[in-house]
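Descriptive structure summary
The residues making up each chain are set out below.
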Amino acid sequence: MKTIIVPINNDYSEAVVDLILSIQQKEFNVPITLQDQPDLLEINSFYHEKGGCFWGAFVDGELVGTIALVRYDDREGAIRKMFVKKEFRGKELFIAQQLLDTLIAFSKENDILDLYLGTVSILEAALRFYERNNFIRIEKETLPEAFPVMGADNVFCHLKLN
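It should be emphasised that the depicted structure is a prediction, and the values quoted were computed from it without experimental measurement.

Some remarks on the pairing of strand S7 (residues 155–160)
For S7, the buried fraction is high: five of the six residues fall into the buried class. When strand S5 (residues 114–119) meets S7, the two strands line up antiparallel, connected through six bridges. What sits directly across from threonine 119, in S7, is valine 155. Where strand S6 (residues 136–138) lies against S7, three bridges are found, and the strand directions are antiparallel.

Shown next as structure tokens:
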């Protein structure tokens, strides 16, 4: 089973919405709707046109994971929409790691020095994953002023890139 990670655009919005909402609402009971996340229907304008990117992980042509980078400052970016379908998680396939590595490589190539992210405390496995990748938990008050905070987020992390 080979994983392919490629930038995706609005053509994939429907598949992205299905994947992400299913994980958020059904698996983790996070009270978030499509209306709370209009970026999922505007991938090109929200991510690509502002210097960020939105990637999809595909296995046998099926979208099984996503990660996105919002570039909100010349040297800073926010990680968004990091989701992997339950059946495709874990160390055997390394899909989450491949997605994150792709985003970090893109960030370095594009002179981004700091990555930030917000998540919800219920996503404990995700937090452990970020910490294994050298992200450090920070207080919301220490986020950069321009960081685009999402309403549901209550845990924040930072990674300094060299």
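Once you've had a look at it, read on.
Focus on helix H1 (residues 13–27)
Residues separated by three or four positions in an α-helix point in the same direction, a consequence of the helix having 3.6 residues per turn. The terminal C-alpha atoms of H1 lie 20 Å apart, and with 15 residues this matches the ideal 21 Å at 1.5 Å per residue to within 8%. When H1 is considered as a whole, its buried residues turn out to be Ser13, Val16, Val17, Leu19, Ile20, Leu21, Ile23 and Gln24. The inward-facing, buried residues of H1 abut helix H2 (43–46), strand S2 (53–59), strand S3 (62–71) and strand S4 (76–84). Where H1 terminates, the next one or two residues include asparagine 29, which has phi positive at roughly 50 degrees.

Some words on the side chain of threonine 66
Here threonine 66 shows up in strand S3. Polar side-chain contacts of threonine 66 include one of 2.7 Å to the backbone oxygen of lysine 81. Here threonine 66 is in contact with Val16, Leu19, Ile20, Phe54, Trp55, Lys81, Met82, Phe83 and Leu99, once residues within four sequence places are set aside.

Some points on the pairing of S2
With seven of seven residues buried, S2 lies mostly within the body of the structure. Because side chains alternate across S2, one face comprises the buried residues Cys53, Trp55, Ala57 and Val59, and the other comprises Phe54, Gly56 and Phe58, equally buried. Summarising the sheet, strand S1 (residues 3–7) and S2 pair through five bridges and their orientation is antiparallel. Within S2, the position partnered with threonine 3 by the bridge is valine 59. Two strands pair when backbone bridges link them, and S2 and S3 are joined in this way by seven bridges, in the antiparallel orientation. Bridged to cysteine 53 within S3 is leucine 69.

Side note on the environment of aspartate 111
Along the chain, aspartate 111 falls in the loop between helix H3 (95–109) and S5. Taking the C-alpha atoms as reference, aspartate 111 lies 9.2 Å from leucine 161; in sequence the two are 50 residues apart. Once residues within four sequence positions are removed from consideration, aspartate 111 is found in contact with Arg71, Asp74 and Arg75.

Focus on unusual backbone geometry
Look at asparagine 29: it is not a glycine, yet its phi comes out positive at around 50 degrees. Its location among the elements puts asparagine 29 in the loop between H1 and H2. Non-glycine residue phenylalanine 94 carries a positive phi angle of around 60 degrees. Structurally, phenylalanine 94 is set in the loop between S4 and H3. Classification of phenylalanine 94 by relative accessible area gives partly exposed; the value is 47%.

Conventions used here
- Residues numbered from 1 in each chain as written.
- Predicted model: local features only at pLDDT ≥ 70, side-chain atom pairs only at ≥ 80, totals over all residues.
- Heavy atoms only, no water.
- Buried < 20%, exposed > 50% of the residue type's maximum accessible area, 1.4 Å probe, protein only.
- Helix = DSSP H or I, 4+ residues; strand = E, 2+ residues; numbered from the N terminus.
- Pairing = 2+ DSSP bridges.
- Expected span 1.5 Å × (residues − 1).
- Contact = heavy atoms within 4.5 Å.
- Polar contact = N/O pair within 3.5 Å; in protein donor to acceptor, adjacent residues only side chain to side chain.

Read these as spatial facts, not as claims about activity.
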